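Descriptive analysis of the structure
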Amino acid sequence: MMEGPQILSDRVENGVRHICAATDPLVCSRQIDFDLIDGKIHNLRYVKGCNGNLQAIGALLEGAPAEFAAERLAGINCAGRGTSCSDQLSRILKKIAER
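We now turn to the structure provided with this report.

About the criteria used
Residues numbered from 1 in each chain as written. Predicted model: local features only at pLDDT ≥ 70, side-chain atom pairs only at ≥ 80, totals over all residues. Heavy atoms only, no water. Helix = DSSP H or I, 4+ residues; strand = E, 2+ residues; numbered from the N terminus. Rg over C-alpha atoms; globule rule 2.2 N^0.38 Å. Contact = heavy atoms within 4.5 Å. Areas by Shrake-Rupley, 256 points an atom, 1.4 Å probe, with all protein chains shown as cover. Lys, Arg positive; Asp, Glu negative; His and termini not counted. Charge placed at Lys NZ, Arg CZ, Asp CG, Glu CD. Axes fitted to C-alpha atoms, helices over the stretch in contact; angles between N-to-C directions. Parallel < 35°, antiparallel > 145°, perpendicular 65-115°, else oblique. Left-handed = near helix turned anticlockwise from the far one by under 90°. Nonpolar A, V, L, I, M, F, W, Y, C, P; charged D, E, K, R; others polar. Pairing = 2+ DSSP bridges. Buried < 20%, exposed > 50% of the residue type's maximum accessible area, 1.4 Å probe, protein only.

**Here we look at the overall build of the protein**
In terms of helices and strands, the protein carries three helices and four strands. Traced from its N-terminal end to its C-terminal end, the protein shows the element sequence β-β-β-β-α-α-α. Taking 2.2 N^0.38 as the reference for a compact globule, 99 residues should give roughly 13 Å; the C-alpha atoms of the protein span a radius of gyration of 12 Å, in line with that estimate. Viewed in the frame of its principal axes, the protein has a C-alpha envelope of about 40 × 25 × 25 Å. Taking as baseline every contact in the protein between residues at least 6 positions apart, the subset at least 24 positions apart corresponds to 36%. Looking at the protein as shown, the accessible area adds up to about 5,700 Å², and 51% of this sits on carbon and sulfur atoms. Positive and negative side-chain charges in the protein, numbering 12 and 12 respectively, have mean positions lying 5 Å apart.

**Side note on the packing of helix α2 (residues 66–73) against helix α3 (residues 85–97)**
Remark: α2 packs on α3, axes separated minimally by 8 Å, with the N-to-C direction vectors making an angle of 135°. Here α2 is positioned oblique relative to α3, judged by the angle of their axes. With respect to the hand of their crossing, α2 and α3 are arranged in left-handed fashion. Every residue of α3 that contacts α2 at A66, A69, A70 and L73 is listed here: S86, D87, L89, S90, L93 and K94. Here the residues of the contact of α2 with α3 sort into six nonpolar, two polar and two charged.

**Concerning the sheet that holds strand β2 (residues 16–22)**
The four strands lie next to each other as β1-β2-β3-β4, forming an open sheet whose pairing is antiparallel. Whereas interior strands pair on both sides, the edge strands pair on one side only; in this sheet they are β1 (6–13) and β4 (40–47). Averaged over all neighbouring strand pairs, the angle between strand axes comes to 15°, with direction disregarded. Of the strand pairs in this sheet, β2 and strand β3 (residues 31–37) are connected by six bridges, and their pairing is antiparallel. Residue pairing for β3: A21 is matched across the bridge by I32.

**A look at the pairing of β3**
Burial within β3 is extensive, with five of its seven residues counted as buried. As defined by bridge partners, β3 adjoins β4 across six bridges and the pair is classed as antiparallel. Within β4, the position partnered with I37 by the bridge is K40. What sits between β3 and β4 in their antiparallel hairpin is a turn of two residues, with D38 showing a positive phi close to 50°.

This is how it looks when you write it as C-alpha cells:
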C-alpha cells in the first residue's frame, strides 16, 4: 500500500517558501526539496533517483507555476508502481496548496 509523500518542513523565510518532503518508498528518490516564490517553483532538487532525469525536471520547471507542475506531472507511472518521482512532486504540490 502506498504511503504517499510526507511534508518534512514547510517554512517561509524572507518571502521564500522552502519545502522539504520525503517521497513514497515505492519511488527511487527519497526526498524532494524546492522553493516557492510567488507561487513559482525554484531550486527543485531530488535526493537519490535517476540523477540526470531528475535534474532535467528541475531545469524544466524552474520558474514554472506550481499549479502547472502539479497538473502536468500528476499520474505519471514508473514501472507499474502507480506513482513516480514526478508524480510525487505533483502530490507534494497539491498537499501544500491545501494548507
